[in-house]
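Structural overview for review
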Amino acid sequence: MKLGLVLEGGASRTYFSCGVLDALLEEQIIADMVIGTSAGIANALSYASGQIGRNIQVAKNYMRDHRYMGIRHLINPKNKSIYNLEFVFETIPQSCVPFDFAAFAQFKGDVVATVTNLKTGLTEYLPVPKQGRQDLVLMASCALPLLFPVIEIDGQPYMDGGITTPVPVEEAIRAGCDKTIVILTRERGYKKQPENLMLLAARFYKQYPEFAKALQNRAQTYNDNMKRVFELEAEGKAFIIAPESMVEIKRTESDPDILESLYQDGYHVLKNHLPALNTYLEN
């Protein structure tokens, strides 16, 4: 059996996923392929390196640090992101809460990030390098429209993979995963509504007409993707872990107590689902 682990993005909401990931590590449930979008895949690197507790340590110690995020970083012409990219993607993993690069390099599974190509308006799946720099691929997957600069990799312009494929479970299946564990950051039954912000973003990126079209269709794309995710669950190809509710949680939430609560929710949801998950994996 080849097991896929699929992660939705959602910025701060992914601290629910971090709790699930640490519980999976405790239970020694290790995927053969880890694939995800935005902060989902960024946080999943600590799963691949086997570092239980690392993600929540970052959240509690640094999310409210002025060096982490804020408008001043967005208007900084050298940064152009609500997040301080150098601090988040370099300083923290290299020195503040060290990432185990050697352990990640030894991870036997594939680690893949979803991105959206601005020229084509389509999803691409980029391997996260086991050696060398991972930050560029992660930044591209996390690059929220209007809140990040466009990230160029090999001459191609990329932004948030969640615009076109929020939950890349079908790519995991195409890659040969017989079963998948899908970690969502929205509750079951959630339907995304069209957002004025996406219409504004579409105008902002008008030089990329296909990407602008994808932004305009963001809500429908999300809802269609989720419909397919639950169809795969009914077919026995996906085991879904989802929060009870995310109604009150902001995308950029930074309160350490709220993030800790999200983390604990994810941890306990996985533990509560463990008998059913083990049955799913054994069958």
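First, a word on what this report is: a plain description of the structure on this page. Bear in mind that the values here come from a model prediction, so they are computed numbers and not experimental data.

Examining the pairing of strand β8 (residues 238-241)
Along β8, one buried face is formed by A238 and I240 and the opposite face, lined by F239 and I241, is buried too. Pairing analysis gives 4 bridges linking strand β7 (residues 179-183) to β8, with the strands arranged parallel. By the bridge assignment for β8, I181 is matched with F239.

Description of the layout of surface pockets
When its volume is computed, the largest pocket comes out at roughly 660 Å³. For the lining of the largest pocket, the elements supplying multiple residues, two or more each, are α2 (39-48), α3 (54-62), α5 (85-96) and α7 (135-142). At 6 residues, α5 tops the list of elements feeding residues into the lining of the largest pocket. Residue composition of the lining of the largest pocket, grouped by class: 19 nonpolar, 9 polar and 4 charged. L144, K192, E195, R218 and R251 are, among the 24 residues lining the second largest pocket, the residues nearest its centre. Mapped by element, the contributors of at least two residues to the lining of the second largest pocket are α9 (196-204) and α11 (218-234). Split by residue class, the lining of the second largest pocket holds 9 nonpolar, 7 polar and 8 charged.

Section: helix α1 (residues 15-26)
Taking 1.5 Å of rise per residue, the 12 residues of α1 would be expected to cover 16 Å, and the 17 Å separating its terminal C-alpha atoms lies within 8% of that figure. Taken as a whole, α1 has its buried residues at Y15, F16, S17, C18, G19, V20, L21, D22, A23, L24 and L25. Q28 lies just past α1 and shows a positive phi near 55 degrees.

What about unusual backbone geometry?
Its identity is not glycine, yet K80 carries a phi of approximately 60 degrees, on the positive side. Within the secondary structure layout, K80 lies in the loop between α4 (71-74) and α5. For K80, a relative accessible area of 47% gives the class partly exposed. A positive phi angle is found at L146, which is not glycine, with a value near 75 degrees. On the secondary structure map, L146 appears in the loop between α7 and β5 (151-153). Residue class for L146 comes out partly exposed when judged on its relative accessible area of 24%.

As for the packing of aromatic side chains
Going through the model one piece at a time under the given rule, you end up with 9 aromatic pairs. A ring pair is formed by F99 and F101, whose centres lie 5.0 Å apart and whose planes are at 90 degrees; its orientation type is edge-to-face. Residue classification places F101 among the partly exposed positions, given a relative accessible area of 35%. Aromatic pair F204 and Y205: ring centres 4.9 Å apart, planes at 80 degrees, arrangement edge-to-face. For Y205, a relative accessible area of 3% translates into the label buried. Among the aromatic residues, ring-to-ring pairing joins Y68, Y83 and F148 into one connected group. The positively charged end of K179 is found above the aromatic ring belonging to Y280, 4.6 Å away from the centroid. In this structure, R186 is placed above the aromatic ring of Y190, and the distance from its NZ or CZ to the ring centre is 4.3 Å.

Rules and cut-offs
- Residues numbered from 1 in each chain as written.
- Predicted model: local features only at pLDDT ≥ 70, side-chain atom pairs only at ≥ 80, totals over all residues.
- Heavy atoms only, no water.
- Buried < 20%, exposed > 50% of the residue type's maximum accessible area, 1.4 Å probe, protein only.
- Helix = DSSP H or I, 4+ residues; strand = E, 2+ residues; numbered from the N terminus.
- Pairing = 2+ DSSP bridges.
- 1 Å grid on protein atoms, 1.4 Å probe; cavity = no way out; pocket = protein on both sides within 12 Å on 5 of 7 lines; lining within 4 Å.
- Points joined across faces, edges and corners; volume = space filled by probe spheres on them.
- Nonpolar A, V, L, I, M, F, W, Y, C, P; charged D, E, K, R; others polar.
- Expected span 1.5 Å × (residues − 1).
- Phe/Tyr/Trp six-rings, centres within 6.5 Å; stacked < 30°, edge-to-face > 60°.
- Lys NZ or Arg CZ within 6 Å of the ring centre and 35° of its normal.

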